Amino acid sequence: MSKALIVGGANGIGLSIAHTLATDGKYTEIYIVDRAAVSAENNHPKFKSILFDLEESNYDVFNQFADIDTLIITAGFGRLNLFENIEEQHIISSFNVNTVAPIRIIRHFYERLLHDADFKCAVMVSIAGYMSSPFFSIYAATKAALRIFIESVNVELEKSGSANRILNVSPGSIKGTSFNAGKTDLTLTSALAKDIVEHLNDKNDLFIPQYDEIFKEVLERYHADFREEGRHSYDYKIKSGRIK
């Protein structure tokens, strides 16, 4: 039987993944670490909420999960705005939550990744970490750093002889999450949650949802001319109505 830890699982795609695992008979308990508890309407008998703010300096809270064999990190946030309008505290908080926190958490469980026969780990990154993203400069920077960390450590895991990998999940905008002040709607995220769990079980190291449909072409344009694709991204965000 298995136990999972989902960091950032009280809402959005993390909560949807938690429900997906809860329907899997092999999972007996799912720990959810978040700043808020899972709401009563979205709770499940297998869930156990632990309140913790990832901007805290002491991460000893993660020492209590020695019995898990699945680690999923979905915590993160971003805000669409020009860099000139971003305050310094937002920069600090963004890197603390989006980048430093996942790296610190993985460090707590790295011996398991190295030496356990089957330890599953997935981290929500972002397609923004693969290209310039005007109006999202800080968010994209946090995710680019996280992406390179995961790619580097996966090579170290491979060279060590471990069969475990960190799954980098790098989607574009996801409907039905609380990201950027949205509202959680599990009906809109359940299909993606199931796809993520499938890639996790297959020990894949990268999953870009809608890659063939959208992002293959976007990434090709970016690598061909990153300046022009940056301009295209800027204009697209303006036309989308997402800029407040």
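Structure's up top.
Residues numbered from 1 in each chain as written. Predicted model: local features only at pLDDT ≥ 70, side-chain atom pairs only at ≥ 80, totals over all residues. Heavy atoms only, no water.

1. So, the sheet that holds strand β5 (residues 120–124)
- The seven strands lie next to each other as β3-β2-β1-β4-β5-β6-β7, forming an open sheet whose pairing is parallel. At either end of the open sheet lies a strand with only one pairing partner, and these are β3 (47–51) and β7 (206–207). (Pairing = 2+ DSSP bridges. Helix = DSSP H or I, 4+ residues; strand = E, 2+ residues; numbered from the N terminus.)

2. Observations regarding the packing of helix α6 (residues 211–224) against helix α7 (residues 226–240)
- Between α6 and α7, the least distance of the axes is 5 Å, while the angle of their chain directions is 130 degrees. One element, α6, and the other, α7, form an angle in the oblique class. Mapping the contact onto sequence places V218, R221, Y222 and A224 in α6 and F226, E229 and H232 in α7.
- Tallied by class, the residues present in the contact of α6 with α7 amount to four nonpolar, one polar and two charged. (Axes fitted to C-alpha atoms, helices over the stretch in contact; angles between N-to-C directions. Parallel < 35°, antiparallel > 145°, perpendicular 65-115°, else oblique. Contact = heavy atoms within 4.5 Å. Nonpolar A, V, L, I, M, F, W, Y, C, P; charged D, E, K, R; others polar.)

3. Description of empty space enclosed by the protein
- In the structure shown here, the tally under the stated rule is one cavity of 30 Å³ or more.
- In this model, the largest cavity occupies a volume close to 50 Å³.
- Lining the largest cavity are G78, R79, N81, I86, H90, F135, F136, S137, I138 and Y139.
- Grouping the constituent residues of the lining of the largest cavity by class yields five nonpolar, four polar and one charged. (1 Å grid on protein atoms, 1.4 Å probe; cavity = no way out; pocket = protein on both sides within 12 Å on 5 of 7 lines; lining within 4 Å. Points joined across faces, edges and corners; volume = space filled by probe spheres on them.)

4. Some details on the nonpolar core
- Grouped together as the largest cluster of nonpolar side chains are 31 residues, with contacts concentrated most on L5, L54, F62 and L71.
- Counting residues per element, the ones that place at least two in this core are β1 (2–7), β2 (27–34), β4 (70–73), α2 (88–108), α3 (110–115), β5 and α4 (137–160).
- If we skip the residues at most four places from it in the chain, L54 touches V7, Y59, F62, A75, V97, A101 and I105.
- Residues A4, I17, A18 and M124 belong to the second largest nonpolar core, which totals 25 residues. (Core = buried A, V, L, I, M, F, W, Y, C linked by side-chain atoms within 4.5 Å. Buried < 20%, exposed > 50% of the residue type's maximum accessible area, 1.4 Å probe, protein only.)

5. Let's talk about the packing of aromatic side chains
- The final tally for this structure, using the stated rule, is nine aromatic pairs.
- Where Y31 meets F65, the ring centres are 5.0 Å apart and the plane angle is 50 degrees; that geometry is what we call tilted. Separated by 34 residues along the polypeptide, Y31 in strand β2 and F65 in the loop between β3 and β4 bring together distant segments of the chain. Across this residue pair, the class does not change: Y31 and F65 are buried.
- Ring centres of F109 and F119 lie 6.3 Å apart, and the angle between their planes is 20 degrees; this geometry places the pair in the stacked category. Of this pair, F109 sits in the loop between α2 and α3 while F119 sits in the loop between α3 and β5, and the two are 10 residues apart along the sequence. Each of the two residues, F109 as well as F119, counts as buried.
- Put simply, the rings of Y31, F52, Y59, F62 and F65 touch in pairs and so form one group of aromatic residues.
- Over the ring of Y59 we find R104, and its NZ or CZ is 3.8 Å from the ring centre. (Phe/Tyr/Trp six-rings, centres within 6.5 Å; stacked < 30°, edge-to-face > 60°. Lys NZ or Arg CZ within 6 Å of the ring centre and 35° of its normal.)

6. Quick word on unusual backbone geometry
- Phi at K203 is positive, roughly 60 degrees, even though this residue is not glycine.
- Tracing the chain through its elements places K203 in the loop between α5 (186–201) and β7.

7. Brief notes about the packing of α2 against α4
- At a minimum axis distance of 9 Å, the contact between α2 and α4 shows a crossing angle of 15 degrees. Judged by the inter-axis angle, α2 sits roughly parallel to α4. When you trace α2 past α4, the crossing you get is right-handed. Residues I91, S94, F95, N98, T99, P102, I103 and I106 of α2 form the contact with α4, whose participating residues are I138, Y139, A141, T142, K143, A145, L146 and F149.
- Class assignment for the residues of the contact of α2 with α4 results in 11 nonpolar, four polar and one charged. (Left-handed = near helix turned anticlockwise from the far one by under 90°.)

8. A short note on helix α1 (residues 12–22)
- Along α1, 10 of the 11 residues are buried, which leaves the element largely enclosed by surrounding structure.
- G12, I13, G14, L15, S16, I17, A18, T20, L21 and A22 are the residues of α1 that are buried.
- In this fold, the buried residues of α1 make contact with β1, β2, β3, β4, β5 and α5.

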